[in-house]
Amino acid sequence: MTPSHDAWPPLPLAPWQDTMETLHLWTQIVGKIRLALTPWNNHSWHVTLYPGARGLTTGPMHHPNGTFEIEFDFRRHHLAVISATGDERSFALEGLSVATFYEALMSALDTLGLNVEIRPTPVELPDPITPFPEDHAHAAYDPEAAQRYWRALLSIHRVFSVFRARFLGKVSPVHYFWGAADLAVTRFSGRTAPKHPGGAPNCADWVMEEAYSHELSSAGFWPGSGLGEAAFYAYAYPEPDGFRTAQVGPAATYYHEDLGEFVLPYEAVRTAADPDAALLEFLQSTYVAAAELGHWDRADLEFDSDRLPLS
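So, how was this worked out
- Residues numbered from 1 in each chain as written.
- Predicted model: local features only at pLDDT ≥ 70, side-chain atom pairs only at ≥ 80, totals over all residues.
- Heavy atoms only, no water.
- Helix = DSSP H or I, 4+ residues; strand = E, 2+ residues; numbered from the N terminus.
- Polar contact = N/O pair within 3.5 Å; in protein donor to acceptor, adjacent residues only side chain to side chain.
- Patch = residues over 30% accessible without salt bridge, like charges linked within 9 Å, V, L, I, M, F, W, Y side chains within 5 Å.
- Areas by Shrake-Rupley, 256 points an atom, 1.4 Å probe, with all protein chains shown as cover.
- Salt bridge = Lys/Arg side-chain N within 4 Å of Asp/Glu carboxyl O.
- Axes fitted to C-alpha atoms, helices over the stretch in contact; angles between N-to-C directions.
- Parallel < 35°, antiparallel > 145°, perpendicular 65-115°, else oblique.
- Left-handed = near helix turned anticlockwise from the far one by under 90°.
- Contact = heavy atoms within 4.5 Å.
- Core = buried A, V, L, I, M, F, W, Y, C linked by side-chain atoms within 4.5 Å.
- Buried < 20%, exposed > 50% of the residue type's maximum accessible area, 1.4 Å probe, protein only.
- pLDDT = per-residue confidence, 0-100.
- Domains from an automatic or database assignment.
- Buried area = accessible area lost by both parts, 1.4 Å probe.
- Nonpolar A, V, L, I, M, F, W, Y, C, P; charged D, E, K, R; others polar.
- Pairing = 2+ DSSP bridges.

Thoughts on the environment of Y50
Argument step 1. Structurally, Y50 is set in strand β1 (residues 50-51).
Argument step 2. It is 26 Å that separates the C-alpha atoms of Y50 and H196, two residues lying 146 residues apart in sequence.
Argument step 3. In terms of polar contacts, Y50 uses its side chain to reach the side chain of R34, at 3.4 Å.

See below:
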């Protein structure tokens, strides 16, 4: 079944940029709670959030006093802390500054006996940085825009999951990195990579060094910050010779020299005759460019569904 275009809502940046920036900071608070409670996993995969049937979720987290999860519900526009014991605390998102959100979430956790301490400052954002408990400037929340964003994430997650399934080698989950507010999926060649130079704003260099410890081909989706529009990206690390001039698709794809990445505007996918096929073309063609030019062992790394028995 081909999804309808309703699954790909418009995401013009200007009308919801303030909401996007506030939501980004809220997800950083929730993500840092997951970071504090979850055992380390390579490439920081333990800190990410995941699109769900109602919004974004941490999945289960294990506290000394019990298991719980935190969920952004973009249908009811609530933030919920859900305990495995059946207890739940939630609060509405509209009208909250980052500081008020931080206070409400920490209070909910304390009430449930799930107190967590985090470093209360944003990451991967340029200075000046305002700590979460002091940020009263970011306080926008447009429910309709947040819901459209969530619906877009669900469609992107669906296509990314199809692409992910075509790889036998090491590959990341499809997950939401709250540092840069991107939904991403990453494939690895199996070989180590040169040491990454680091340099991400307000992020320790060792985090980037570990994240890029092995050769990779990565793709993802940004809601708009830095580019002026929602867009997909794809890059290789290390970038092989000839990558930036490789023939990739669809036609709206271009290489962004400053970012060192291929970029495909979300609007080009949304308005395509077959959005899923357009996005898959972008994912596959940029991966093939990275793998071919980087001399990956594609025969051993890629999955042939024809080998599966019929059910």
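A few points about a nonpolar patch on the surface
Argument step 1. Where nonpolar side chains cluster on the molecular surface, the patch consists of L35, W40 and W206 and spans about 340 Å² of accessible area.
Argument step 2. Along the polypeptide, W206 turns up in helix α4 (residues 205-211).

Quick look at the packing of helix α3 (residues 143-164) against helix α6 (residues 275-293)
Argument step 1. Two numbers describe how α3 lies on α6: the axes approach to 10 Å, and their chain directions differ by 40°. Regarding the angle of α3 to α6, the classification is oblique. Relative to α6, the crossing made by α3 is right-handed. Where α3 approaches α6, its residues R158, V159, F160, V162 and F163 are matched on the opposing element by D276, L279, L280, L283, Q284 and Y287.

As for unusual backbone geometry
Negative phi values dominate among residues other than glycine, just as trans dominates among peptide bonds.
Argument step 1. Of the consecutive residues D127 and P128, the connecting peptide bond is found in the cis state with omega at 0°.
Argument step 2. Along the chain, the position of P128 falls in the loop between α2 (98-111) and α3.
Argument step 3. Of note, the bond from G249 into P250 is cis; its omega dihedral lies within 30 degrees of zero at 0°.
Argument step 4. A positive phi angle is found at S44, which is not glycine, with a value near 65°.
Argument step 5. Of note, S44 is situated in the loop between α1 (13-37) and β1.
Argument step 6. For A181, which is not a glycine, the phi torsion comes out positive at approximately 60°.
Argument step 7. Tracing the sequence through the fold places A181 in the loop between β7 (175-177) and β8 (182-192).

Description of the nonpolar core
One broad rule of soluble globular proteins: the nonpolar side chains tend to lie buried together.
Argument step 1. Core analysis: the largest hydrophobic core is formed by 81 residues, its most contacted members being I33, F72, F101, L105 and F232.
Argument step 2. Apart from the residues lying within four places of it in its own chain, the contact partners of I33 are M61, F68, I70, L105, M106, L109, V116 and I118.
Argument step 3. With 14 residues, the next largest nonpolar core counts W45, F188, C203 and M208 among its residues.

So, the confidence of the model for the chain
Argument step 1. Mean pLDDT over the chain: 95, with 96% of residues reaching 70 or higher.
Argument step 2. Across residues 1-5, where pLDDT falls below 50, the model places seven contacts with residues more than four positions away in sequence or in other chains.

Topic: the domain arrangement of the chain
Argument step 1. The assigned domain composition of the chain is domain 1 (16-134) and domain 2 (143-301).
Argument step 2. The straight-line distance from the C-alpha centre of domain 1 to that of domain 2 is 25 Å.
Argument step 3. With 34 residues of domain 1 in contact, the opposing surface of domain 2 contributes 34 residues.
Argument step 4. Interface area, domain 1 with domain 2, both sides summed: about 3,000 Å², of which 70% is carbon and sulfur.
Argument step 5. Per-residue buried area on domain 1 facing domain 2 is highest for H43, W45 and E124; these three make up 24% of the total on that side.
Argument step 6. Between the two partners, domain 1 and domain 2, sit zero salt bridges.
Argument step 7. Across the domain 1-domain 2 interface, the total number found is 16 residue pairs in polar contact (both at pLDDT 80 or more).
Argument step 8. Put simply, the parts of the chain that give the side of domain 1 that touches domain 2 at least two residues each are α1, β1 and β2 (55-57).
Argument step 9. No other element matches α1, which puts eight residues into the side of domain 1 that touches domain 2.
Argument step 10. For the side of domain 1 that touches domain 2, the residue count by class is 17 nonpolar, 11 polar and six charged.

Focus on the packing of α1 against α2
Argument step 1. As a packed pair, α1 and α2 sit with axes 10 Å apart at the nearest point and diverge in direction by 30°. In terms of orientation, α1 lies roughly parallel with respect to α2. As for how α1 packs across α2, the hand of that crossing is right-handed. Touching T22, L25, W26, I29, V30 and I33 of α1 are V98, F101, Y102, L105, M106 and L109, all from α2.
Argument step 2. Of the residues that constitute the contact of α1 with α2, the class distribution is 11 nonpolar, one polar and no charged.

With respect to the pairing of strand β4 (residues 66-73)
Argument step 1. Relative to β4, β2 runs antiparallel, the two sharing three bridges. If you follow G55 over to β4, its bridge partner there is D73.
Argument step 2. One ladder, built from three bridges, connects strand β3 (residues 61-63) with β4; its direction is antiparallel. When the bridges of β4 are listed, H62 appears paired with T67.
Argument step 3. What sits between β3 and β4 in their antiparallel hairpin is a turn of two residues.
Argument step 4. Relative to strand β5 (residues 78-83), β4 runs antiparallel, the two being bridged by six bridges.

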